[in-house]
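Survey of secondary and tertiary structure
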Amino acid sequence: MNEHILCIDIGTTSLKAGIVDPTGKLTAYTKIELTGGDFAANEWLTAFESAKKRLSLSYDAICVSGNGPTIASESGRTILWNDGKCEQLKKIQGQTFPQTKSLFLPQIAAFKYFFNEEYNNSKWIFSGPEFLIWKLTGNAKTVLPESRFQAAYWNEENASAFSIDADKLPPFTAPGTLAGYDANNIPVFYGAPDFVVALIGTNTLKSGTVCDRAGSSEGLNLCVSNPVFDSMIRTLPSVIPGLWNLSVLIPESGSLFSSYKKEYENSTGRKIDYEELIRASMEDKNSQGWYILNGILTNFNHGIQYLKKIARENNLSFPQRLSITGGQAKNTQWLKLKAQKSQTTLMIQNCADAELIGDAILANVGLGNYASISEAADKMVHSSTCVEYSKPLPSKPAIYNLEKGSSIKAIIFDIDSTLYTSAEYAFEQVDAQIRFWAKKQGISESQARMKISEYRRKWSAENGGKKISLGNTFINFGVSIEDSIKMRQDLLEPGSFLQKDEKMILTIRELAKFFRLICVTNNPVLPARKTLQAIGIDQLIPEIIGLDTCHKSKPAKEPFMKALEILGVSASQTVSVGDRYDMDIRLPLEMGMSGILVNGVEDVYTLPELLKPFSTGANFNSEQINNM
């Protein structure tokens with residue numbers, strides 16, 4: 001056994017090709033972009049020839065897979081699986097459109113309706129990649145992954161319900177069957193639909209194994225021994241007899257971020273690679289990029305949790321690790337985010353494009369090197385990369401200018417993401433203003449987020465990595481501080497996101513026994529007071545310096561000077577506590593204060609124990625504090 005397999009997988013926007021050696025190692029790889037269109041199938045042959053030239057290595061067999069249910073006639077006229085013509089026909093025919101479990105017959109019916117002459121003139125109507133195999137070998141067949149899949153394909157009876165001539169549909173054959181020989185006498189083997197070969201290529205062929213197939217769209221697939229039927233799950237047979245596949249589908253997963261990349265490049269006039277764009281999106285939690293990424297992460301996590309729930313309820317096993325394949329598997333930053341969000345360890349098997357490994361497995365079965373798909377997968381599928389989920393270590397606040405012998409009388413608190421932790425409200429209080437501004441400007445929310453994010457990115461790059469507040473950013477777009485104040489007063493409702501925090505109440509109550517407390521925030525006093533009320537500490541911190549107090553945003557000096565004036569203490573007797581170094585810590589240090597940089601409420605809970613040794617005595621008696 002020393003055959004090298006040329007593996008071809010036809011996607012919606014690209015043709016992927018690779019040469020796989022007998023051990024399952026991908027020794028060469030290329031990707032040819034596809035333009036699509038009404039005759040997309042003809043482009044597949046051109047792309048196939050281009051891929052062979054690029055790879056420039058010898059091979060002993062060919063195996064072809066691809067997406068479905070894409071439909072093509074002999075002329076190359078094509079309806080891609082996602083082009084919407086099927087939905088158009090359903091609207092046209094209404095109640096007369098037949099009900100069916102078939103994924104293919106509605107597409108073929110749409111082909112017949114919109115391209116009737118092509119339909120009539122073509123001897124065969126192909127399901128996707130079988131068109132390319134026919135072009136290479138002259139033989140026409142349809143790959144049926146396993147006999148139980150027939151309901152998702154067709155039979156003579158349900159084809160007639162759509163007025164489709166069953167004789168036009170190539171007969172079924174099994175994955176890994178020899179299709180024939182190409183012009184160079186190289187054997188060509190039938191692959192399978194792309195999602196089937198992806199599961200083969202990740203060895204998601206045993207009960208309790210999971211694969212995240214994450215490309216333009218996304219599917220979470222759990223292999224089980226017994227079928228489960230649920231409205232949120234697509235249940236299909238496995239390619240392995242007796243097993244089943246439960247899928248949670250996430251449409252437009254990767255394509256949303258891909259579209260954002262194009263929009264970003266058009267908006268900024270510069271090219272950007274995915275690595276940089278993901279990094280920039282992660283750094284700015286109010287960017288359009290993060291808005292999209294966070295939505296994808298949330299949907300992914302919901303899908304994982306739902307599959308786990310189904311597994312628990314049906315006594316099915318669910319692994320600690322899952323395989324991931326597809327375009328999204330090629331970015332380490334992104335994989336780390338997905339692992340942390342779902343608290344799951346992710347594995348890439350052999351290569352990110354597992355369809356190619358699945359093709360190699362099928363070809364090896366067809367060549368007689370293995371007796372079954374399972375046997376070949378066990379031998380040829382190996383983990384190449386593992387992205388571990390690691391439970392976050394308990395954080396510790398960073399302490400500045402606070403040394404033995406320091407005497408502290410007062411604490412200046414930031415509010416947002418300091419006295420509460422809520423990613424949803426932290427995002428919303430900024431995004432609400434950006435959405436409002438977008439409406440006034442007559443631009444889309446996406447465009448507004450990009451304009452604000454790109455300005456902040458450039459400002460930071462030009463100012464040594466420092467951060468600029470939203471209020472100061474808005475000034476550069478003609479929004480005055482007074483306008484910012486009005487927006488925040490009208491738009492922010494923290495009570496919709498936050499709730500009483502008993503532990504924070506006890507923390508602030510304890511600190512108030514020893515220190516004078518005040519808040520300095522870039523929000524106006526009204527929404528800031530609402531925030532403290534929602535948490536339950538508004539009576540414990542009576543004074544707030546807000547954006548409308550000095551009409552200046554942190555890190556301006558004026559709000560901190562006003563706080564010292566109200567507190568009646570010197571800078572050296574004060575510690576500033578906040579979650580952003582540039583906004584809450586850097587300037588207070590320059591003014592002579594101490595600083596504590598926190599990662600959220602968990603760090604704030606530790607402050608009584610941390611700061612008591614530096615107190616100069618209680619500012620209030622215990623009875624007074626307890627009555628607050």
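Residues numbered from 1 in each chain as written. Predicted model: local features only at pLDDT ≥ 70, side-chain atom pairs only at ≥ 80, totals over all residues. Heavy atoms only, no water.

1. Observations regarding the overall build of the chain
A count of helical and extended segments in the chain gives 25 helices and 24 strands. Principal-axis analysis of the C-alpha atoms places the extent of the chain at approximately 90 × 50 × 50 Å. A total of 628 residues make up the chain; the buried ones form 54% of that total. Taking the intrachain contacts of the chain between residues at least 6 apart in sequence as the baseline, contacts between residues at least 24 apart amount to 68%. Carbon and sulfur atoms form 49% of the exposed surface of the chain, whose accessible area is close to 27300 Å². In the chain, which carries 65 positive and 68 negative side-chain charges, the distance between the mean positions of the two groups comes to 4 Å. (Helix = DSSP H or I, 4+ residues; strand = E, 2+ residues; numbered from the N terminus. Buried < 20%, exposed > 50% of the residue type's maximum accessible area, 1.4 Å probe, protein only. Contact = heavy atoms within 4.5 Å. Areas by Shrake-Rupley, 256 points an atom, 1.4 Å probe, with all protein chains shown as cover. Lys, Arg positive; Asp, Glu negative; His and termini not counted. Charge placed at Lys NZ, Arg CZ, Asp CG, Glu CD.)

2. Brief notes about the side chain of Thr344
The residue Thr344 is located in the loop between helix 11 (332–342) and strand 17 (345–349) in this model. Looking at Thr344, its side chain comes within polar contact range of the main-chain oxygen of Ser342, at 3.0 Å. Excluding anything up to four places from it in sequence, Thr344 contacts Ile304, Lys308, Gln320, Leu322, Ala339, Val387 and Tyr389. (Polar contact = N/O pair within 3.5 Å; in protein donor to acceptor, adjacent residues only side chain to side chain.)

3. Some points on the pairing of strand 24 (residues 594–597)
Two faces make up the sheet, and in a regular strand the side chains alternate between them. Neither face of strand 24 is left uncovered, since the one carrying Ser594 and Ile596 and the one carrying Gly595 and Leu597 both have all their residues buried. Relative to strand 24, strand 19 (residues 398–400) is paired through three bridges, and the arrangement is antiparallel. Counterpart to Tyr400 in the pairing with strand 24 is Gly595. Examined bridge by bridge, strand 23 (residues 574–578) and strand 24 share four bridges and lie parallel to one another. Of the residues in strand 24, the one forming a bridge with Val575 is Ser594. Remark: the strand 23/helix 22 (residues 581–590)/strand 24 crossover connection has right-handed handedness. (Pairing = 2+ DSSP bridges. Right-handed = clockwise from strand over helix to strand, strands pointing away.)

4. Comments concerning helix 21 (residues 557–567)
Note: α-helices contain 3.6 residues per turn, so residues at a spacing of three or four share the same orientation. Within helix 21, the full set of buried residues consists of Pro559, Phe560, Ala563, Leu564 and Leu567. Along helix 21, the residues classed as buried sweep out an arc of 140° about the axis, all on the same side. Residues of helix 21 that are buried in the fold lie against strand 20 (410–413), strand 21 (516–520), strand 22 (544–545), helix 20 (547–550), strand 23 and helix 22. Once helix 21 ends, the next one or two residues include Gly568, with phi positive near 70°. (Arc of directions from axis to C-beta.)

5. Some thoughts on the packing of helix 10 (residues 288–313) against helix 11
Packed helices, taken two at a time, are described by the angle between their axes plus the distance between the axes. Closest axis-to-axis distance for the helix 10/helix 11 pair is 9 Å, and the angle between their directions is 45°. On the basis of the axis angle, helix 10 is oblique to helix 11. In this structure, helix 10 crosses over helix 11, and the sense of that crossing is right-handed. Residues Trp290, Leu293, Asn294, Ile296, Leu297, Thr298, Phe300, Asn301, Ile304, Gln305 and Lys308 of helix 10 form the contact with helix 11, whose own contacting residues are Trp334, Leu337, Lys338, Lys341 and Ser342. For the contact of helix 10 with helix 11, the class distribution of residues is eight nonpolar, five polar and three charged. (Axes fitted to C-alpha atoms, helices over the stretch in contact; angles between N-to-C directions. Parallel < 35°, antiparallel > 145°, perpendicular 65-115°, else oblique. Left-handed = near helix turned anticlockwise from the far one by under 90°. Nonpolar A, V, L, I, M, F, W, Y, C, P; charged D, E, K, R; others polar.)

6. Digging into the packing of helix 8 (residues 253–268) against helix 9 (residues 274–283)
For the pair helix 8 and helix 9, the least separation of the axes is 11 Å and the interaxial angle reads 95°. Compared by their axis directions, helix 8 and helix 9 come out roughly perpendicular. Within the contact between the two elements, helix 8 uses Phe257, Ser258, Tyr260, Lys261 and Tyr264 and helix 9 uses Tyr274, Leu277, Ile278 and Ser281.

7. Some points on the state of the cysteines
Under the definition given, this model contains zero disulfides. Cysteine Cys63 remains unbridged, with the sulfur of Cys7 as its closest cysteine sulfur at 6.3 Å. Exposure remark for Cys63: the relative accessible area of 0% places this residue in the buried category. Unpaired in this structure, Cys223 has its nearest cysteine sulfur neighbour in Cys211, at a distance of 11 Å. On the basis of relative accessible area, Cys223 is assigned to the buried category, the value being 1%. (Disulfide = S-S within 2.5 Å.)

8. Brief notes about the sheet that holds strand 11 (residues 187–193)
Taking strand neighbours across the sheet as the criterion, the six strands line up as 3-2-1-4-11-10 in an open arrangement whose pairing is mixed. Each edge of the sheet is formed by a strand with only one pairing partner; in this case those strands are strand 3 (26–33) and strand 10 (178–181). Going from strand to strand, the sheet's axes swing by 20° on average, the running direction of each strand aside. Pairing between strand 2 (residues 14–20) and strand 3: seven bridges, direction antiparallel. By the bridge assignment, Ile19 is partnered in strand 3 with Ala28. Docked against the sheet, helix 5 (residues 130–137) engages strand 1 (5–10), strand 4 (61–66), strand 10 and strand 11, running at close to 170° with respect to strand 11.

9. A few points about helix 1 (residues 40–55)
Compared with the 22 Å implied by 1.5 Å per residue over 16 residues, the 22 Å span of helix 1 between its first and last C-alpha is a close match. If you check which residues of helix 1 are buried, you get Ala40, Ala41, Glu43, Trp44, Ala47, Phe48, Ala51, Lys52 and Leu55. The positive-phi residue at the C-terminal boundary of helix 1 is Ser56, with phi of around 50°. (Expected span 1.5 Å × (residues − 1).)

10. Considering empty space enclosed by the protein
Summary: where empty space remains is shown by rolling a probe the size of a single water molecule over the atoms. Under the definition given, this model contains two cavities of 30 Å³ or more. Its volume calculated, the largest cavity comes out at about 100 Å³. Considering the residues around the largest cavity, the lining is formed by 16 residues, among which Ser127, Pro129, Glu130, Ala192 and Pro193 are closest to the centre. Mapped onto the lining of the largest cavity, the elements with two or more residues apiece are strand 4, helix 5 and strand 11. A volume near 70 Å³ is recorded for the second largest cavity. Phe149, Phe195, Val196, Leu199, Thr204, Leu205, Cys223, Pro237, Ser238, Val239 and Asn245 together form the lining of the second largest cavity. (1 Å grid on protein atoms, 1.4 Å probe; cavity = no way out; pocket = protein on both sides within 12 Å on 5 of 7 lines; lining within 4 Å. Points joined across faces, edges and corners; volume = space filled by probe spheres on them.)

11. Notes on the nonpolar core
With 89 residues, the main nonpolar core has Ile8, Ile108, Ile164 and Ile361 as its most contacted residues. The biggest single contributor to this core is helix 1, with seven residues. Contacts of Ile361, omitting those with residues within four sequence positions, involve Ile200, Gly201, Ile373, Ala376, Ala377, Met380 and Val381. One finds Ala534, Leu540, Ile541 and Ile544 within the second-largest nonpolar core, a separate group that totals 36 residues. (Core = buried A, V, L, I, M, F, W, Y, C linked by side-chain atoms within 4.5 Å.)

Just geometry here; none of it tells us what the structure is for.
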